[in-house]
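# Observations on chain architecture
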Amino acid sequence: MTTAPLLEVDGLKTHFRLPHGELRAVDGVSFTLQAGRTLGVVGESGSGKSVLARSIIGLLPMAQAVEAGGRVVFDGRDLRQLPESAMRQVRGRQIAMIFQDPLTSLNPVMTVGRQIVQVLRQHTDLAPTAARERAVELLAEVGIPAPRQRAAEYAHRMSGGMRQRIVIAIALACNPRLLIADEPTTALDVTVQAQILDLLRRLQDKHAMALILITHNLGVVAEMCDDVAVMYAGRIVEQAGVGDILARPRMRYTQALLQSVPRIDSPSHVRLPVIPGQPPNLVTPPSGCRFAPRCAHRLDRCDSEIPPQSGAGTDHRFACWNPSPES
Amino acid sequence: MAGSGTAHLQRDNALLSAQNLVKTYKAKGGRRVQALSDVSLDIVRGETLGVVGESGSGKSTLARAILALPRPDSGTVRFDGAAVFDAAGARLRGLRQQMQMVFQDPLSSLNPAHRILDIVAMPLLVAGSGTAAERRATVMETLRSVGLDGEVVGHRRPYELSGGQCQRVSIARALVLRPALLVCDEPVSALDVSVQAQVLNLLEDAKAAFSLTMLFISHDLSVVKGISDRVIVMYLGKICEIAPTDALYATPRHPYTATLLASVPSLTPKRRSAQPQMPRGETPSPLDVPSGCRFRTRCPAATERCAREEPQIRPIDGSPGHFVACHHPG
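In the nomenclature of an unreviewed UniProt entry, chain B is known as ATP-binding cassette domain-containing protein of Vineibacter terrae. The record held by UniProt for chain B lists under Subcellular location (unreviewed entry) the comment "Cell inner membrane".

Chain A carries the name ABC transporter ATP-binding protein in an unreviewed UniProt entry, which gives Vineibacter terrae as its organism. Under the UniProt heading Sequence similarities (unreviewed entry), the note attached to chain A is "Belongs to the ABC transporter superfamily." In its Subcellular location (unreviewed entry) section, UniProt records this for chain A: "Cell inner membrane".

Each helix and strand in chain B was counted, giving eleven helices and twelve strands. Expressed along its principal axes, the backbone C-alpha trace of chain B runs to roughly 65 × 55 × 45 Å. Going through the 330 residues of chain B one by one, you find that 47% of them count as buried.

This next bit is on the interface of chain A and chain B. How big an interface is tends to be stated in terms of the accessible area lost upon association of its parts. Contact with chain A, which involves 41 residues of that partner, is made by 35 residues of chain B. For the side of chain A that touches chain B, the elements supplying multiple residues, two or more each, are helix H8 (190-207), helix H9 (218-224) and helix H10 (242-247) of chain A. For the side of chain A that touches chain B, the element with the most residues is H8(A), which contributes eight residues. The residue makeup of the side of chain A that touches chain B, split by class, is 18 nonpolar, 15 polar and eight charged.

Residues and elements named next belong to chain B. Between the first and last C-alpha of helix H6 (residues 163-175) there are 18 Å, a value that for 13 residues agrees with the 18 Å anticipated at 1.5 Å per step. Most of H6 is tucked away: twelve of the 13 residues are buried. Every buried residue belonging to H6 is among Gly 164, Gln 165, Cys 166, Gln 167, Arg 168, Val 169, Ser 170, Ile 171, Ala 172, Arg 173, Ala 174 and Leu 175, and all of these are buried.

Residue and element names in this part refer to chain B. Orientation of H6 relative to helix H7 (residues 193-209), taken along the N-to-C sense of each, is 15°, at an axis distance of 10 Å. One finds that H6 runs roughly parallel with respect to H7. Considering how the two elements wind past one another, H6 and H7 form a crossing that is right-handed. Where H6 approaches H7, its residues Gly 163, Gly 164, Gln 167, Arg 168, Ile 171 and Leu 175 are matched on the opposing element by Val 195, Gln 198, Val 199, Leu 202 and Ala 206. Its residues assigned to classes, the contact of H6 with H7 comprises six nonpolar, four polar and one charged.

Below, the discussion takes up the environment of Ala173(A). All names here are of chain A. Following the sequence through the fold, Ala 173 ends up in the loop between helix H7 (160-172) and strand S7 (178-182). According to the C-beta neighbour criterion, Ala 173 is buried, with 25 such atoms within 10 Å. Ala 173 sits 92 residues away from Asp 265 along the chain, and the two C-alpha atoms are 39 Å apart. If we skip the residues at most four places from it in the chain, Ala 173 touches Ile 116, Val 119, Leu 120 and Leu 138.

So, about the sheet that holds strand S8 (residues 210-215) of chain A. All names here are of chain A. Spatial strand order, S6-S7-S8-S3-S9-S10-S12-S11: eight strands in an open sheet with mixed pairing. Two strands bound the open sheet, and with one partner strand each, they are strand S6 (95-98) and strand S11 (309-310). Strand direction decides the pairing type here: S6 and S7, joined by four bridges, are parallel. Along S7, the bridge assignment pairs Ile 98 with Ala 181.

UniProt marks residues 7-258 of chain A with the feature "domain: ABC transporter" (unreviewed entry), using the numbering shown here. Along residues 7-258 of chain A the backbone is 40% helical and 28% strand, and the end-to-end C-alpha distance reaches 28 Å.

Residue and element names in this part refer to chain B. Across chain B, the average pLDDT comes to 92, with 98% of residues at or above 70. Model confidence for chain B, summarised as mean pLDDT per element, is weakest for helix H2 (residues 89-98) at 88 and strongest for strand S3 (residues 48-52) at 98. Scored as a whole, the predicted complex attains pTM 0.92, and scored at its interfaces, ipTM 0.90.

Our focus in this paragraph is the domain arrangement of chain B. Residue and element names in this part refer to chain B. Domain annotation of chain B identifies domain 1 (1-80 + 180-263 + 278-330) and domain 2 (108-179). Computed from C-alpha atoms alone, the centre-to-centre distance between domain 1 and domain 2 is 31 Å. Counting residues at the interface gives 13 residues for domain 1 and twelve residues for domain 2. If you list the elements that add at least two residues to the side of domain 1 that touches domain 2, you get strand S7 (181-185) and H7. The element best represented in the side of domain 1 that touches domain 2 is H7, accounting for six residues. Here the side of domain 1 that touches domain 2 is built from residues that sort into twelve nonpolar, one polar and no charged.

Let us now look at H7(B). In this model H7(B) runs 24 Å from its N-terminal to its C-terminal C-alpha over 17 residues, within 8% of the 24 Å that 1.5 Å per residue would give. Among the residues of H7(B), Val193(B), Ser194(B), Val195(B), Gln196(B), Ala197(B), Gln198(B), Val199(B), Leu200(B), Leu202(B) and Leu203(B) are the ones counted as buried.

What follows concerns the packing of helix H4 (residues 112-123) of chain A against H7(A). All names here are of chain A. Their axes nearest at 9 Å, the elements H4 and H7 cross at an angle of 20°. By the criterion of interaxial angle, the relationship of H4 to H7 is roughly parallel. The hand of the H4/H7 crossing is right-handed. Along its contact with H4, which presents Val 112, Gln 115, Ile 116 and Val 119, the element H7 presents Ile 166, Ala 169 and Ile 170. For the contact of H4 with H7, the class distribution of residues is six nonpolar, one polar and no charged.

Let us look at unusual backbone geometry. A negative phi angle characterises most non-glycine residues, just as the trans form characterises most peptide bonds. Following Leu69(B), the chain continues into Pro70(B) via a peptide bond in cis, with omega recorded as 0°. One can find Pro70(B) in the loop between helix H1 (59-66) and strand S4 (74-79). Here the phi dihedral of Ala146(A) falls at roughly 50°; this positive angle occurs in a residue that is not glycine. For Ala146(A), the location among the structural elements is in the loop between helix H5 (128-141) and helix H6 (147-151). A positive phi angle, near 50°, is found at Glu183(A), a position not held by glycine. Relative to the helices and strands, Glu183(A) resides in the loop between S7 and H8. Looking at Glu183(A), the number of C-beta atoms within 10 Å reads 19, which means it is partly exposed.

Cut-offs applied
- Residues numbered from 1 in each chain as written.
- Chains lettered and ligands numbered in written order.
- Predicted model: local features only at pLDDT ≥ 70, side-chain atom pairs only at ≥ 80, totals over all residues.
- UniProt positions renumbered as here; feature names shortened; annotations may be inferred.
- Helix = DSSP H or I, 4+ residues; strand = E, 2+ residues; numbered from the N terminus.
- Buried ≥ 20, exposed ≤ 12 C-beta atoms within 10 Å, placed from the backbone.
- Contact = placed C-beta atoms within 7 Å.
- Nonpolar A, V, L, I, M, F, W, Y, C, P; charged D, E, K, R; others polar.
- Expected span 1.5 Å × (residues − 1).
- Axes fitted to C-alpha atoms, helices over the stretch in contact; angles between N-to-C directions.
- Parallel < 35°, antiparallel > 145°, perpendicular 65-115°, else oblique.
- Left-handed = near helix turned anticlockwise from the far one by under 90°.
- Pairing = 2+ DSSP bridges.
- pLDDT = per-residue confidence, 0-100.
- Domains from an automatic or database assignment.

So, in structure tokens, the structure goes:
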């Protein structure tokens, strides 16, 4: 039994025009997301995960960005074909996004209550008084104590965790069907991170919302996700259910990445396996597998031929000429 | 308050011993923030002592206070028997050569206008050691020891290197005077996972090659576990718990340590399983610290006594080297 996915990203390419050429930040990314599910997008700096998120929601600096191809089909419509006026109706209402640093996402000279009211007035037909009441309800829902008083305060008076709760309240104001969260807990302390992740989980279940969680933290992925896409140098190199990715990775980069993470349950003074070198330049990427120059299991063809996605039609797909054997 | 007292000090084999460090900063309206409140610790020769804590715990202030950068308001630090804060001028410079620091953000801690060779040579120049040729040889050798080729990167500037390479340069600069103590403040927090592993391995190698003693500060409990022999847990300017690494992670006795450990996401998938109990609240403002034990406002085990009386650091029976500042240890 298959239902049409809520989101289908197909061959998505986003490039940036630079003086010395075109930087292929996202270079042919495909995945699907069902309603109510959580997809983790993991990768290191420069892998293209944030550009992917912004490409989906159409928040790219259009002066430099080139929509170089592909489709973003949300609820049956290709968002890349929509005019900006129609995109404005999708953004905030159907798809919401939260960012890493809550302080820079909030308006410093407007009370947090008014910021929520603004979103509600923009996207719903609530009257001003009703919108103010709804804003207080939303603050209560994200766990802000004394929400009525807090609604009249400014973001700078609040802790990092509270600010991120406010940002979540704003994002959820219109009951979006998809939330994109870009490193939502990276700036937070670990005890606060645990609380914010818990909040996201509860709200997601309550509102049957789909979630794309972008993170570099594999622990956060394990806590939150159903499925995971691993990005390297602008491409998804492996995608599977979270259990398969963490326990049975096939693609060599995923495997090496998992091995290099310090784990709280490993003994002290154990040498961590490292990935030598650095990610490639995305203006002139390697012509074959983009991980090949750093890969310990490289074959000759890895340098020249792009590995196809193996496992098509299954839940575990990866792009590797010399994958680790199935265990 | 979570943690005063000196019961945990080792007395005999410490390379560095800090006692009763207090550091306050002025805040608006004439108020004072106590960033470090009566903290004592010692670092045993040859060990790596880890310090973990969240924002506002005072861990970075502690690192700086030990090096007198700046001096704390009160307290003493003895390095190899010598009182650091009594020293001034040439003698303080001499002591500081023995204690070097690596900072979190490699790019902002390196002068962008200087070449890598000059950055690494600067401590030698300040110390007035050797001829130009000798200094250059030491710089090249030190760069080699951190995995960089001075011939290749020496004439570049920091912005031409990757974050991981910059952190190697920072480490080389810290090692070039051949210090006895290396203080690392969040040295891998700004790095990607794969690069982080390279730098952590490098620190272990450098420690062995140069017979270093290390103070390693981080908010990342997994990183601290990997590199430390003993670990100190800090909260709001106080010490909660000190123990050998394995004991601390296997049997945390302070409720805050237990909360921290339970908050770290593990690599076991659990999206669709029952969720454990969440930690309560956030760290209170350091302008307005709770009476008694500073953790009591978030502590599941807090009683009326915790509000009234500050727990002293005391040893735990049957767990050597394990100390906790709690009225109701777990």
